[in-house]
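Residues per chain are reported as follows:
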Amino acid sequence: MTRIRTCTAASLALLVAACATTPPAPVEDRSRPGSRPRPSASPASTPRAPAPAPGGVHRVQRGDTLYGIAFRNGMDVRELARINRIGPPYTIYVGQDIRLGEAPPPRPMAAAPTRPVTPPSAPATRPVQAAPPPVASAPSSTTAPRPATSVTQVPPASAPPQVGANPPVVAAPPPAAAPPPAAAASASGIRWQWPAEGARLSGFVAGDPTRQGIDISGRAGDPVRAAADGEVVYSGNGLIGYGELIIIKHNTSLLSAYGHNRRRLVQEGDKVELGQQIAEMGSTSASRDMLHFEIRKDGKPVDPAAFLPRR
């Protein structure tokens, strides 16, 4: 019996020791809101889009030109170059940031707290200074005779013009105002022709971003010709919606654009003449074979019908 009691006591002791060394199971107290596990809020789980820069910024990619960037954003290339301090021949580099507008002016500093303090002291001094004005009126009478003497000296100075007798000099300014209207009547002085022989499918609609030019029908491979003399300033496919595009500069303010070509036959910097073939008609970025033609003045679309001859 003693051995049995000893074994029983020993087994109980081992059982108690095992319970003491085994850690308790984790318990989640759902009665307290603060005890619930919180979801991890790592920055990667909630990405944020970068805030756009003031006025917009375009990062130059391979194939971009300053003319192409200006054309895409409806800007005059000269204004875009001025904003970014880029001089002719408007060379840009891959990775360069081109600002599309002026930077916002700095906000003025408000210094209002110091100004309200000064007005109370001003009225105290103003009544005292009110006395001198009447005193100043007395000396004015003494200065009156001096202008009279200066008036008498003017006639001798006017006498020489009578001897010279030059009335035609006074009549010259009026005719100088006539030349500006004559220059405006000559318009741009550029000869234009239709860039393709097909029929016009759609016309220009001012303010409609989908009707900034005209569409001319044709078949794949038909010749696309320069509408006027000029220089190729863009030849590529980097402008979405235009496909294979060519832009020609005709003077400092006028550009023409030729889109949806199948094949481009000129490169940037090429000089082209009126009627020269510059591309083959196609359907790149279009639902059918056609030419999309635009004319822009100072970066803004204008109606090509105002420049092209009547058919």
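## A word on empty space enclosed by the protein
Right, on to step 1. A full pass over the atoms with the stated rule returns 1 cavity of 30 Å³ or more.
Right, on to step 2. Its volume calculated, the largest cavity comes out at about 40 Å³.

## Remarks on the pairing of strand β7 (residues 244–249)
Looking along a regular strand, one sees side chains alternate from face to face of the sheet.
Right, on to step 1. Buried residues dominate β7, accounting for 5 of its 6 residues.
Right, on to step 2. When β7 meets strand β8 (residues 254–264), the two strands line up antiparallel, connected through 5 bridges. If you follow E244 over to β8, its bridge partner there is N261.
Right, on to step 3. Connecting β7 to the next strand, β8, in antiparallel fashion are 4 residues.

## So, the pairing of strand β4 (residues 214–217)
Right, on to step 1. The alternating pattern of β4 places I214 and I216 and D215 and S217 on opposite faces, both of which are buried.
Right, on to step 2. In terms of strand pairing, β4 meets strand β11 (residues 290–297) through 4 bridges, oriented antiparallel. In the strand pairing of β11, D215 is matched with H292.

## Structural notes on unusual backbone geometry
Right, on to step 1. For the peptide bond that leads from P88 to P89, omega is 5°, which places it in the cis range.
Right, on to step 2. Position of P89 among the secondary structure elements: in the loop between α3 (77–83) and β2 (97–99).
Right, on to step 3. The phi dihedral of R85 falls on the positive side, at around 55°, and the residue is not glycine.
Right, on to step 4. Along the chain, R85 turns up in the loop between α3 and β2.

## Some remarks on the side chain of D64
Right, on to step 1. Relative to the elements of secondary structure, D64 occurs in the loop between β1 (57–59) and α2 (66–72).
Right, on to step 2. For D64, the side chain forms a polar contact with the main-chain nitrogen of Q61, separated by 2.9 Å.
Right, on to step 3. The contacts of D64, once residues within four sequence positions are left out, are H58, R59, I69, R72 and I92.

## Things to note about the confidence of the model for the chain
Right, on to step 1. For the chain, per-residue confidence averages 73 on the pLDDT scale, and 55% of positions sit at 70 or higher.
Right, on to step 2. Residue range residues 15–54 is modelled with pLDDT below 50. Its contacts to residues more than four positions away, or to other chains, number 6 contacts.
Right, on to step 3. Note that pLDDT drops below 50 for residues 147–161; the model gives that stretch 0 contacts with residues more than four away or on any other chain.

## Some words on the layout of surface pockets
Right, on to step 1. A volume near 270 Å³ is recorded for the largest pocket.
Right, on to step 2. In this structure, the largest pocket is lined by 15 residues; those nearest its centre are T65, Y67, P89, Y90 and V233.
Right, on to step 3. For the lining of the largest pocket, the secondary structure elements donating two or more residues are α2 and β6 (230–236).
Right, on to step 4. With 3 residues, the single largest contributor to the lining of the largest pocket is β6.
Right, on to step 5. Taken together, the residues of the lining of the largest pocket break down into 8 nonpolar, 3 polar and 4 charged.

## Brief notes about the environment of M75
Right, on to step 1. Position of M75 among the secondary structure elements: in the loop between α2 and α3.
Right, on to step 2. With 226 residues separating them in the primary sequence, M75 and P301 have C-alpha atoms 9.9 Å apart.
Right, on to step 3. Once you skip the residues sitting within four places of it in the chain, M75 turns out to touch A70, L80, I83, L100, D298 and G299.

## A few points about the pattern of salt bridges
Right, on to step 1. According to the stated counting rule, one finds 11 salt bridges in the structure shown.
Right, on to step 2. Taking the shortest distance from any N to any O, the salt bridge between R72 and D64 comes out at 4.0 Å.
Right, on to step 3. D64 gets classed as buried once you look at its relative accessible area, which sits at 17%.
Right, on to step 4. Between R262 and E280 there is a salt bridge; the shortest N-O distance is 2.8 Å. Here R262 is found in strand β8, whereas its partner E280 is found in strand β10 (residues 277–281), with 18 residues between them in sequence.

What counts and how
- Residues numbered from 1 in each chain as written.
- Predicted model: local features only at pLDDT ≥ 70, side-chain atom pairs only at ≥ 80, totals over all residues.
- Heavy atoms only, no water.
- 1 Å grid on protein atoms, 1.4 Å probe; cavity = no way out; pocket = protein on both sides within 12 Å on 5 of 7 lines; lining within 4 Å.
- Points joined across faces, edges and corners; volume = space filled by probe spheres on them.
- Buried < 20%, exposed > 50% of the residue type's maximum accessible area, 1.4 Å probe, protein only.
- Helix = DSSP H or I, 4+ residues; strand = E, 2+ residues; numbered from the N terminus.
- Pairing = 2+ DSSP bridges.
- Polar contact = N/O pair within 3.5 Å; in protein donor to acceptor, adjacent residues only side chain to side chain.
- Contact = heavy atoms within 4.5 Å.
- pLDDT = per-residue confidence, 0-100.
- Nonpolar A, V, L, I, M, F, W, Y, C, P; charged D, E, K, R; others polar.
- Salt bridge = Lys/Arg side-chain N within 4 Å of Asp/Glu carboxyl O.

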